[in-house]
Amino acid sequence: MIGEAAISLEVPLGLEAEVARLRRGDLDALAELVARYQHRLYRYLLRMVHQPAEAEDLFQQTWLRVAGQILRYDPRRNFDAWLFTLARNLAIDHLRRLRPESLDAHEAGEYEKTPAALRDGAPPAIDALIARERTYLLAAALDDLSVLYREVLSLRFEEEMKLKEIAQVLDAPLSTIKSRLRRGLENLRQSLEARDPGGPWQ
Amino acid sequence: MNAMNEHDEIQRLLSLAAADALDSREDQRVAAHVRSCSACAEELRQWQEMGAALRRLPTPQAAPSLVTRTIAMAQTAFTEECERRFERKLLALGVVFSWVLVALSWPLAQLFASGWMSLLGVGFAQKWENFAAFTALCWLAGSAAAIFLSRYRQRERRLA
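What counts and how
- Here the residue index of a chain counts from 1 through its sequence in written order.
- Starting at A for chains and at 1 for ligands, labels are handed out in the order in which the entities are written.
- The model is predicted, so local features are restricted to residues of pLDDT at least 70 and side-chain atom pairs to those at 80 or more, both for listing and for counting; the totals for chains, interfaces and linings are taken over all residues.
- A run of DSSP states H or I qualifies as a helix once it reaches four residues; a run of E qualifies as a strand once it reaches two. Both are numbered from the N-terminal end.
- Around each residue's C-beta, the other C-beta atoms within 10 Å are counted; 20 or more make the residue buried, 12 or fewer make it exposed, and counts in between make it partly exposed. All C-beta atoms are placed from the backbone.
- Throughout, a pair of residues is in contact if the C-beta atoms placed from their backbones lie within 7 Å.
- Each residue gets one label: Ala, Val, Leu, Ile, Met, Phe, Trp, Tyr, Cys and Pro are nonpolar, Asp, Glu, Lys and Arg are charged, and the others, such as Gly, are polar.
- Interaxial angles span 0 to 180 degrees and are taken between N-to-C directions of axes, which are lines fitted to C-alpha atoms, for helices over the stretch in contact.
- With respect to orientation, any angle under 35 degrees is reported as roughly parallel, any angle over 145 as roughly antiparallel, any angle of 65 to 115 as roughly perpendicular, and every other angle as oblique.
- Crossing handedness is read from the near helix: turned anticlockwise from the far helix by less than a right angle, it gives a left-handed crossing, and turned clockwise, a right-handed one.
- pLDDT is defined as a per-residue confidence score from the predictor, taking values between 0 and 100.
- Residues of type Ala, Val, Leu, Ile, Met, Phe, Trp, Tyr and Cys that are buried and joined through C-beta atoms within 7 Å form what is called a nonpolar core.
- What is called the bend at a residue is the angle between a pair of axes, fitted to the seven residues leading up to and ending at it and to the seven starting from it.

A. Representation of the overall build of chain B within the structure. The number of helices and strands found in chain B is six helices and zero strands. Per-residue burial over chain B gives 17% buried out of 160 residues.

Pasting the structure below:
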């Protein structure tokens, strides 16, 4: 029973069947897959490029790429990771073409910028932030992060991907993913403090 | 390792603990430390709340028209990809078939024209002009069939 529950959490019901049907040429399965991932994929692309029009264009391109490559897709691979890898590659190419400066991570530098209060471990009152429902502030702070951190946070917290899956999508070692996750969270907290200096988390 | 070093190290792990990104050993270390360190316990709670807030961020919705348009485009692209694969397979099959035909047909023609003994005769090698002409004929017939098939499929696709 426990095993069955674990499996049903690992693979969303019907996903494998939809992918298999699509690989056999069933066009309805493609429509079902697009519908299944519509909001998640669009959210991820929007987090990556910020502009709705660009995210829409990349959304279409991603599914065109799925249509072109699904027959070469290895069904033993995780479909989520495969799909988001296609989307990410398109988004990174797009950013590289239009806004190459947005891909500059300055990873080490950004960590150095971490405020003393954080490095010293002084706990900011994030609970107060949550209590006052500062959702807008949080979304804006997330959007202001470097794309490298933004995508890791989005994949971990919004897409609920495991670290291994994120590593597959980003084609990076697990240690890099953990490092980006930690720095992303710390930069996010720093950004929240900067947005509301008098806020309760000081 | 003194307690201060342990405290500093655990603090660096707290954000990852809130993101469920620690391995089991690190997880146990953090759990053991926060039981005895109220400052770290409080900070961990705050990171966890930030994680929860990130999970609760509203999901931007893809417009229904975008989804409909995307499905139509992707289905067309998928159909074309399937046709391309089918045509590539057909072409490969045609090439193999042509070679088999070339290899088999000349000895068979010889057999029907002159009987079993002609297959053993060395005269076969001396008639290379005939063999070359026959091969060219096979390839021409194959090419004509391929062109016909391709035009037929193009017309079918236009009608669809």
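Additional details are given in the paragraphs that follow.
B. Representation of the interface of chain A and chain B within the structure. In this complex, chain A contributes 40 residues to the contact, which on the side of chain B involves 34 residues. Of all the elements in the fold, those that place two or more residues in the side of chain A that touches chain B are α3 (27-49), α4 (52-69), α8 (126-131), α9 (135-144), α10 (147-158) and α12 (174-195) of chain A. At 10 residues, the largest contribution of residues to the side of chain A that touches chain B is made by α3 of chain A. When grouped by side-chain class, the residues that make up the side of chain A that touches chain B number 24 nonpolar, seven polar and nine charged.

C. Broad picture of unusual backbone geometry. Not every positive phi belongs to a glycine, and Glu160 of chain A is a case in point at roughly 55 degrees. The phi angle at Asp20 of chain B is positive, at roughly 50 degrees, despite the residue not being glycine. Of note, Asp20 of chain B is situated in the loop between α1 (3-18) and α2 (24-36). In this structure Asp20 of chain B comes out as partly exposed when scored by C-beta crowding, with 14 C-beta atoms within 10 Å.

D. Highlighting the environment of Ala20 of chain A. Structurally, Ala20 of chain A is set in helix α2 (residues 15-23). Sequence separation between Ala20 of chain A and Leu71 of chain A is 51 residues; the distance between their C-alpha atoms is 9.8 Å.

E. Region of interest: the packing of α3 of chain A against α10 of chain A. Residue and element names in this part refer to chain A. Across the interface, α3 lies against α10 with an axial gap of 9 Å and an inter-helix angle of 160 degrees. What the angle tells us is that α3 and α10 run roughly antiparallel. In this structure, α3 meets α10 at a crossing whose hand is right-handed. From α3, Arg43, Tyr44, Arg47 and Met48 reach across to α10, where they touch Val147, Arg150, Glu151, Ser154 and Glu158. Considered class by class, the residues forming the contact of α3 with α10 number three nonpolar, one polar and five charged.

F. Representation of the confidence of the model for chain A within the structure. Residues and elements named next belong to chain A. Looking at chain A as a whole, the pLDDT averages 80, with 73% of positions reaching at least 70. Mean pLDDT across the elements of chain A ranges from a minimum in helix α7 (residues 116-119), with 36, to a maximum in α4, with 95. Low pLDDT, under 50, characterises residues 1-9; the stretch is placed with one contact to residues that sit more than four places away or in other chains. Across residues 106-123, where pLDDT falls below 50, the model places 20 contacts with residues more than four positions away in sequence or in other chains.

G. Summary view of the nonpolar core. Judged by nonpolar contacts, the single largest core of 68 residues is most densely connected at Leu30, Leu45 and Ala87 of chain A together with Leu14 of chain B. With 12 residues, the single largest contributor to this core is α3 of chain A. When near neighbours in sequence (up to four residues on either side) are disregarded, Leu45 of chain A contacts Ala55, Leu58, Phe59, Ala87 and Ala91 of chain A.

H. Structural context of α3 of chain A. The largest bend in α3 of chain A is about 55 degrees, located at Gln38 of chain A. Looking one or two places after α3 of chain A, you find His50 of chain A, whose phi comes out positive at around 75 degrees.

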